[in-house]
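Each chain, letter by letter, is given below.
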Amino acid sequence: MGHTGFSQEELANLYQRQFRMVYQICLVLMKNVPDAEDAAQTVFRKAMERAEPFRDPEHEKAWLIVTARNECRNQLKHWWRTRRADSGALDSLTWEQPRDQEVWDQVAALPEHHRLVLYLHYYQGYTTGEIADMLGENSSTVRSRLAQARRKLKLKLEEEGYGKA
C-alpha cells in the first residue's frame, strides 16, 4: 500500500469532525442503521487511503459528501439489496428540533435525489449552486429537485396533519 496523506491523529480528527455528517448522509440514503454505519466506515477508509491531503475544510466536506453518496449508490445497486428498510431504523437519527422526527419520516419516503438535496440544503446549509458544483449537476437541476422535494414534502405533511393546531 502506498503512502497516505494522513497521520493517525489527522484521521482521528477528521473522523471526529465529520463522522456525524457522513453518517447522516448515509442514513438519508440507505434508510437503515447497519447499512448506514457500514457505508460511513467505508467512506472513512477511503479517506485514509487518499494520497493527498484536502485543500481546505470545504474541499474536505465536499469530498466526504460525494464519496458518501457514491458509496451508498454502489451498495444500493447490488442485486441482493431487495429487503425493505425497517420503519423504525431512523429513530436513532437526532435532529435539532423535537418535531423533526415527524418531518424526517416523510423525507425518508422521498426518492434519493430529493432526500440528498434537502439534507444538504436544510441540514448542512449549502446553496443550490454549491450543491450543484459538489455533485457535478446543473444548478437548475438542483433547484428544481429542491422545489419538487419541498412540494412533495409539503403535500405529505399536510396529509399527515402536520403543522395543524
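Above this text you will find the structure in question.
Everything quoted here is computed from the prediction, not taken from an experiment.

What counts and how
Here the residue index of a chain counts from 1 through its sequence in written order. This being a predicted model, a pLDDT of at least 70 is required before a residue's local features are given, and a value of 80 or more before pairs of side-chain atoms are given or counted; all residues contribute to the totals for chains, interfaces and linings. Hydrogens are left out, water is left out, and the side-chain values use all remaining heavy atoms of the structure. Secondary structure counts use DSSP, requiring at least four H or I residues in a row for a helix and at least two E residues in a row for a strand, with both numbered from the N terminus. Remark: exposure states derive from per-residue accessible area (1.4 Å probe, protein chains only) relative to the maximum for the residue type, with buried under 20%, exposed over 50%, and partly exposed in between. The contact criterion used throughout is that any non-hydrogen atoms of two residues lie within 4.5 Å. For accessible areas, the Shrake-Rupley method is used with a probe of radius 1.4 Å. Any residue's cover is judged against the shown protein chains and nothing else. For the charge count, each Lys or Arg is scored as positive and each Asp or Glu as negative, with His and the chain ends excluded. One side-chain nitrogen of Lys or Arg within 4 Å of one carboxyl oxygen of Asp or Glu is enough to make a salt bridge. Only buried residues count toward a nonpolar core. Its members are Ala, Val, Leu, Ile, Met, Phe, Trp, Tyr and Cys residues joined through side-chain atoms within 4.5 Å. Aromatic rings from Phe, Tyr and Trp, taking only the six-membered ring of Trp, are treated as a pair when their centres fall within 6.5 Å; an angle between ring planes under 30 degrees marks them as stacked, one over 60 as edge-to-face, and anything in between as tilted. By definition here, a helix of n residues has an expected span of 1.5 Å times n minus one. Two N or O atoms form a polar contact when they lie within 3.5 Å of each other; inside protein one atom must be a possible hydrogen donor and the other a possible acceptor, and for residues adjacent in sequence the pair counts only when both atoms belong to side chains. All axes here are fitted lines through C-alpha atoms, helices being fitted over the stretch that makes contact, and every angle between N-to-C directions spans 0 to 180 degrees. Orientation is classified from the angle alone, with under 35 degrees giving roughly parallel, over 145 giving roughly antiparallel, 65 to 115 giving roughly perpendicular, and any other angle giving oblique. Two helices cross in a left-handed way if the nearer one is turned anticlockwise from the farther one by less than a right angle. They cross in a right-handed way if the turn is clockwise. Polarity classes work like this: nonpolar for Ala, Val, Leu, Ile, Met, Phe, Trp, Tyr, Cys and Pro, charged for Asp, Glu, Lys and Arg, and polar for all others, with Gly in that last group.

(A) Structural view of the overall build of the chain. Per the secondary structure count, the chain includes seven helices and zero strands. Helices and strands in the chain line up, N terminus first, as α-α-α-α-α-α-α. Here the chain holds 165 residues, and 42% of them are scored as buried. For the chain, contacts bridging at least 24 residues in sequence account for 70% of all contacts bridging at least 6. Accessible surface computed for the chain: about 9,600 Å², of which carbon and sulfur atoms make up 51%.

(B) Representation of the side chain of R69 within the structure. Turning to its location among the elements, R69 is positioned in helix α3 (residues 57-77). E137 provides the closest opposite charge to the buried, unpaired R69, separated from it by 4.3 Å. Discounting chain neighbours no more than four positions away, the residues touching R69 are L29, E112, L116, L135 and E137.

(C) Representation of the nonpolar core in the model. Formed by 45 residues in total, the largest nonpolar core has its most connected members in V22, I25, C26, L64 and L120. Elements represented by at least two residues in this core include exactly α1 (8-30), α2 (33-49), α3, α4 (100-108), α5 (112-123), α6 (128-135) and α7 (139-159). With eleven residues, α1 is the largest single contributor of residues to this core. Residues contacting I25, with those up to four places away along its chain left out, are I65, A68, L116, Y119 and L120.

(D) Up close: the packing of aromatic side chains. One pass over the full model with this rule turns up six aromatic pairs. Taking 6.0 Å as the distance between ring centres and 35 degrees as the angle between the ring planes, the aromatic pair formed by F19 and F44 counts as tilted. Of the two residues, F19 is situated in helix α1 and F44 in helix α2; the sequence distance between them amounts to 25 residues. Connected via pairs of aromatic rings, a cluster forms that spans Y15, F19, Y23 and F44.

(E) α3, seen in detail. Compared with an ideal rise of 1.5 Å per residue, which puts 21 residues at 30 Å, α3 spans 30 Å between its outermost C-alpha atoms and is within 8% of the ideal. A side-chain oxygen of the first residue of α3 lies 3.1 Å from the backbone nitrogen of E58; this N-cap is D56.

(F) Just the environment of E137, in detail. Topologically, E137 is positioned in the loop between α6 and α7. When near neighbours in sequence (up to four residues on either side) are disregarded, E137 contacts R69, A132, V142 and R145.

(G) Spatial organisation of the pattern of salt bridges. Evaluation of the coordinates by the stated rule reveals seven salt bridges. Note that R17 is salt-bridged to E60, the shortest N-O span being 2.6 Å. Of the two residues, R17 is situated in helix α1 and E60 in helix α3; the sequence distance between them amounts to 43 residues. E49 is the partner of R45 in a salt bridge, and the nearest nitrogen-oxygen pair spans 3.4 Å. With R45 and E49 both in helix α2, this residue pair falls four residues apart, about one helical turn. The exposure class of R45 is partly exposed, given its relative accessible area of 41%. Under the relative-accessibility criterion, E49 is labelled partly exposed at 40%.

(H) Local environment of the packing of α2 against α3. Interaxial distance between α2 and α3 falls to 9 Å at its minimum, and their mutual angle equals 130 degrees. Taken together, the axis directions place α2 and α3 in an arrangement best described as oblique. Note on packing geometry: the crossing formed by α2 with α3 is right-handed. Between α2 and α3, the contacting residues are D35, D38, A39, T42, V43, F44, K46 and A47 on the first element and W63, L64, T67, A68, E71, C72 and Q75 on the second. Residues belonging to the contact of α2 with α3 are distributed by class as follows: eight nonpolar, three polar and four charged.

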